[in-house]
Amino acid sequence: MTKIGIFFGTDTGNTRRIAKDIAVLLGANLTAKPVNIRTASVEDLLQYDKLILGTPTYGEGELPGLSTGNATASWEEFLPQLTRYDFTGKTIALYGLGNQKSYADDFVSAMFYLYDSFKQSGATLIGECSIEGYKFEHSKAVVNGQFVGLALDQENQKELTNQRLDAWLKTLQLLWA
Ligand SMILES: Cc1cc2nc3c(=O)[nH]c(=O)nc-3n(C[C@H](O)[C@H](O)[C@H](O)COP(=O)(O)O)c2cc1C
């Protein structure tokens, strides 16, 4: 089995910590070392057939990046390049970090932009999750009644993160077996 590529955006480190947790939980045999999207090229992603991509949400439901006040470039600057590339045959699972209490109107919404961009580039998106167990008003990342990936809230539901990650990664491993 070829390795799974893990790429993340982050401003304050939460999404990076989850990327590292994912790598540990899946094991070094299955995963490559997580990479900050700020330092990655599209070709770096295209080395993998299986990808796990993580993003926090900033602004009001936006991607991390310079326009939302992050310290560095991130997914906001990366995604526009995708239109020039073909991700057909690639399978991608998304996870998103957010705060459902402070940003209930746009909880983990940035995941939607990754979902939409990679889908338009031909990728197959997997790993959607139930919205049960969260309390929020609206999220762009809910499509057909489900989150397009795994939603995590380190500010309000940190105690649920490990079990959510375990369950999600088990599903991905079955899909990728
Ligand atoms: C200025 C600011 C804006 C935010 N906007 C949103 C938002 O619109 N939706 C959301 O779910 N979370 C929002 N958050 C919460 C972050 O996504 C959350 O803290 C996340 O864990 C940060 O990840 P990072 O440490 O990887 O940067 C915001 C946080 C800050 C500081």
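Residues numbered from 1 in each chain as written. Predicted model: local features only at pLDDT ≥ 70, side-chain atom pairs only at ≥ 80, totals over all residues.

A.B. asks: Break down the environment of Pro64 for me, with residues and values.
C.D. replies: In this structure, Pro64 sits in the loop between strand E3 (50-56) and helix H3 (75-78). Using a count of 31 C-beta atoms within 10 Å as the deciding quantity, one classes Pro64 as buried. Through-space distance from the C-alpha of Pro64 to that of Ala110 is 7.8 Å; in sequence the pair is 46 residues apart. The contact partners of Pro64, leaving out residues within four places of it in the chain, are Gly9, Thr10, Asp11, Thr55, Pro56, Tyr58, Asn70, Ser74, Trp75, Glu76 and Ala110. (Helix = DSSP H or I, 4+ residues; strand = E, 2+ residues; numbered from the N terminus. Buried ≥ 20, exposed ≤ 12 C-beta atoms within 10 Å, placed from the backbone. Contact = placed C-beta atoms within 7 Å.)

A.B. asks: An account of the pairing of strand E4 (residues 91-97) is requested, with residue identities and associated values reported.
C.D. replies: Where a strand is regular, its side chains alternate between the two sheet faces. Burial runs high along E4: six of the seven residues are buried. Here E3 runs beside E4; their pairing, made up of seven bridges, is parallel. When the sheet's bridge partners are listed, Pro56 is paired in E4 with Leu97. Across three bridges, the pairing between E4 and strand E5 (residues 124-126) is parallel. The residue of E5 that forms the bridge with Thr91 is Thr124. Both E4 and strand E8 (residues 150-152) contribute to a ladder of three bridges, which runs parallel. Within E8, the residue paired with Gly96 across the bridge is Ala151. (Pairing = 2+ DSSP bridges.)

A.B. asks: I'd love a proper account of helix H5 (residues 158-175), names of residues and values included.
C.D. replies: With 18 residues, H5 should reach 26 Å at 1.5 Å per residue; the first-to-last C-alpha distance of 26 Å fits that figure. Regarding H5, the residues found buried are Trp168, Leu169 and Leu172. On its buried face, H5 sits against helix H1 (14-26), E4, E5 and E8. (Expected span 1.5 Å × (residues − 1).)

A.B. asks: Now, about unusual backbone geometry: what can you tell me, with residues and values included?
C.D. replies: Located in the positive-phi region is Val108, a residue other than glycine, with phi close to 45 degrees. With respect to the secondary-structure elements, Val108 resides in the loop between E4 and helix H4 (110-120). Residue classification places Val108 among the buried residues on the basis of 31 C-beta atoms within 10 Å. Even without a glycine there, the phi angle at Asn144 is positive, about 50 degrees.

A.B. asks: Tell me about the environment of Leu53, and name the residues and values.
C.D. replies: Locating Leu53 in the fold gives a position in strand E3. For Leu53, a count of 25 C-beta atoms within 10 Å puts it in the buried group. For the pair formed by Leu53 and Val35, sequence separation is 18 residues and the distance between their alpha carbons is 9.8 Å. Sequence-distant contacts of Leu53, defined by excluding residues within four places in its chain, comprise Phe7, Ile92, Leu94 and Leu114.

A.B. asks: Residue-level account of the nonpolar core, with values.
C.D. replies: Ranked by internal contacts, the top residues of the largest apolar core, which has 45 residues, are Ile52, Leu94, Val108 and Met111. Breaking this core down by element, the ones donating at least two residues are strand E1 (4-8), H1, E3, H3, E4, H4, E8 and H5. Looking at this core, the element that brings in the most residues is H4, giving six residues. The residues touching Ile52, leaving out its near neighbours within four places in the chain, are Ile4, Ile6, Ile22, Ala93 and Tyr95. (Core = buried A, V, L, I, M, F, W, Y, C linked by C-beta atoms within 7 Å.)

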